[in-house]
Structures are given as C-alpha cells and as structure tokens.
Amino acid sequence: MLGWKDIRQMTAREIALQLGVIVLIVVIIVSAYQSAQYNLTRLGITSGFSFLDRDTGWSYSFSLLERSIDDTYRKTLLIGFLNTIFVGFISIIFATILGFLIGTARDSRNLGLSTAASVYIQIFRNIPLILQVVFLYAILIHFPGPKQAYALGDVIFMSNRGIMVPVFNMPLWSAGAAAGLSILAGIVLFHVNKSMLRAALLTLTATVVAFAVMLLLTRPEGEPLISVPFLKGLRFREGGTISVELAAMIVGIVLYGAAYIGEVVRGGLAAVNKGIVEAGGSLGLSPFAIWWTLKVPMALRSIVPPLGNQWIFIMKATTVGVAIGFSDLFYIVSTSITQSGQTLELIGILMGAFLMVNFALAQAINWLNRRLALKGYG
C-alpha cells in the first residue's frame, strides 16, 4: 500500500496516471450499477434493501439466538452471519491445535508417528472438503434414536438428533462477554510480552478466569453450575445440543484444515537450524524442552504467514454447509434469494460480510507477523 512518503516521491505524470486509473474504475462501477438498475426496472424487479424488514416465513436448523418463522430478513441474515463466525473461529482454533500436533508428529524422528501423520495428511488433504462433510453428515444421521443413543459416562449422548452435552448455566451474552474479555486480554498480553508462548499460556489462563467469573455472576439463582442432559420420554432434556449439521461441519473442517496446517508446521519446524537443536541437546534439554523453548519459537516466524492463509481459507470453507443444510450465512442468503428475489442485494451482503471478516482476520495476522519479526528486518 502506498504511503504519503511514496506519493511525495512520485512525479506529476505518475500521479496523473494513478488518478486516471482510479477515475476509470469508478466510471466502470457506476456504469455497471446504472445498467443493472435499468435492466431490473425493465423486468419489473424492485431493488433496494426495504425487504430486510419483511418476515421470512421459514425456519432453519441451527441458531445461536432465539428464532422463529416470523423473524425479519435482517435478523435472519444476522443469525446466519453469527453462525458463520461461530463455526469459522471454532474450526480455526481446533484445526490449529490438531495441525500443530500433526506437524510435530510429522517432524518427529519416531518412524511410527511420522508415518501416521503423513498418512493422515495425504488422506484428508486429497479428499474434497465438501465430500468429507457430506460423508460425516451421512454417518451422523444414521446414528440410533434417543432411546438407543450412544452414551459416554452418562453425560454425553450421541443420537441421530445430535450430540447432547453438559453446558454451563450462563446466558449467551455472558459467554460472549467472557470471550470478548479474553480476546482483549490476549491482545494486551501479546503486545507487552516478549515471549509469544508465555503470552499464549497467560491468555488461556485469562480465558478460564473470565468464563469462571461470568458464570458465577450471571448464573440463574437456584440453578446448578452445569446442566447435564438426561432422557425423558422420546427426547433429551436440559444440557445443550450440538446439531448433526453443526457437528459434521466442525469435524469436517477441522480434519481438513489440520492436514494443511500440519504441513505448514512441519515446514516451519524443519527450517529451524539443526545446530541450535543439537546445542540444546548438548545442554541436557529434553526433546520436549527443545521443541517448546527452541524449535517452536524460532519456527513461528516462518509458520505464521502461511498459517494465516489457512485461517482465512477455513473461514471461507464454512460455505460448504449449504450442502447439508447448515444455516450459515451462505445458506441463509441462498434461501433468501429464492424467497425474496433480491439477488443482487443479498449477494452484495454476502460478499461484504466475508470481505469484512477476512480483512479483519488478515489484519490480525499481519499484526502478529510484525510482532514476531526480528527487529531491523521489517
């Protein structure tokens, strides 16, 4: 991106050329918009965003907020956007953790671990993501009904209606506030702490503390801290339900994304100077200590840029949910186009939403990359 200093060094001819290109782009955009407006008017299709205040009249599978068929398009699109953000960030977190484990195993001198990690990467990286998600969805919908549900310790139940899990008795806004405080604490700690790994551990601690405090402050009076699901009649009561579509989405994206992140991590670890690793061994450091204190901190500088690209890819990969009926933003927009006919407006909303999210994610990655860069090397 050009800065003010770069502009001052440009000649008048170069500035005129740049302005001419900008004017040409603006003219093309305005002309395309006016042409689209004219053609829509001829076809009798109304344009604008007034449809956002109309009721949708249809429902969908998953929502973080309370929903009904009487919701407006505005609220329905907001729900789809929140669902996309939720699945995207959950998938990024777990894919990164699993990817680091896979990449470390791939870099290991243990032949069994290295081979297993290589097989995992080759399988999940070479099968299309949409096929993996559809396959997982087909498996989950063929689970037995609630009465024959698979149980894990009588607290987690898996059936064809989803996965029933214990949940904390805290409002959604409380959990969101705790997550926001954790993110803020993480930004501050990464900014002031010289060790990225120490900052990550402190951020994790701050997250646990924030959720514990919000749980104690906002728990409904007389309610237990944790709500555990139990079978009553033909359905489970209490607890929380992870829908079949949500489970297939998260598991599929995590397994797929971790295969790529694993290769990124392996490349970063392999780039660390072997002399430094040997020096750590000569000092009597254990393999884990060498990995934690030497290899990972040095490898992060080469891992973060391609890792950021994988994070953005994972966020965009949430659009495969339309294949199994998961109510992410892409699914909501597709259904809204069919119901309302406002194609251009809804596609514009979809593009704008993904542009905003991925641009913010890219800026966060660039900031992290600058924090890791060696002083004096840019």
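Above this text you will find the structure in question.
Right, let's walk through the structure included here. (Residues numbered from 1 in each chain as written. Predicted model: local features only at pLDDT ≥ 70, side-chain atom pairs only at ≥ 80, totals over all residues. Heavy atoms only, no water.)

### Considerations on the packing of aromatic side chains
Point 1. Within this structure, the stated rule accounts for 11 aromatic pairs.
Point 2. Plain terms: the ring middles of Tyr 260 and Phe 313 are 6.4 Å apart, the flat faces sit at 50° to each other, and that makes the pair tilted. Separated by 53 residues along the polypeptide, Tyr 260 in helix 8 (residues 244-270) and Phe 313 in helix 10 (residues 287-317) bring together distant segments of the chain.
Point 3. On the basis of relative accessibility, which here comes to 25%, the residue Tyr 260 falls in the partly exposed class.
Point 4. Aromatic ring contacts, followed pair by pair, group Phe 62, Phe 86 and Phe 326 into a single cluster.
Point 5. Sitting above the plane of the Tyr 260 ring, Arg 125 keeps its charged end 6.0 Å from the centroid. (Phe/Tyr/Trp six-rings, centres within 6.5 Å; stacked < 30°, edge-to-face > 60°. Helix = DSSP H or I, 4+ residues; strand = E, 2+ residues; numbered from the N terminus. Buried < 20%, exposed > 50% of the residue type's maximum accessible area, 1.4 Å probe, protein only. Lys NZ or Arg CZ within 6 Å of the ring centre and 35° of its normal.)

### Concerning the packing of helix 3 (residues 73-107) against helix 11 (residues 329-340)
In a pair of packed helices, the angle between the axes and the distance between the axes together describe the arrangement.
Point 1. Look at helix 3 against helix 11: their axes get within 7 Å of each other, and the N-to-C directions meet at 155°. Looking at the two axes, helix 3 sits roughly antiparallel to helix 11. In contact with Tyr 73, Thr 76, Leu 77, Gly 80, Phe 81 and Thr 84 of helix 3, helix 11 contributes Leu 329, Ile 332, Val 333, Ser 336, Gln 339 and Ser 340.
Point 2. Class assignment of the residues belonging to the contact of helix 3 with helix 11 gives a composition of 6 nonpolar, 6 polar and no charged. (Axes fitted to C-alpha atoms, helices over the stretch in contact; angles between N-to-C directions. Parallel < 35°, antiparallel > 145°, perpendicular 65-115°, else oblique. Contact = heavy atoms within 4.5 Å. Nonpolar A, V, L, I, M, F, W, Y, C, P; charged D, E, K, R; others polar.)

### Structural notes on the sheet that holds strand 1 (residues 150-152)
Point 1. Spatially, 4 strands are ordered 1-2-3-8 in an open sheet, and the strand pairing comes out antiparallel. Here the strands that pair on one side only, and so sit at the sheet edges, are strand 1 and strand 8 (240-242). Looking at each pair of strands side by side, their axes are set apart by 20° on average, direction ignored. (Pairing = 2+ DSSP bridges.)

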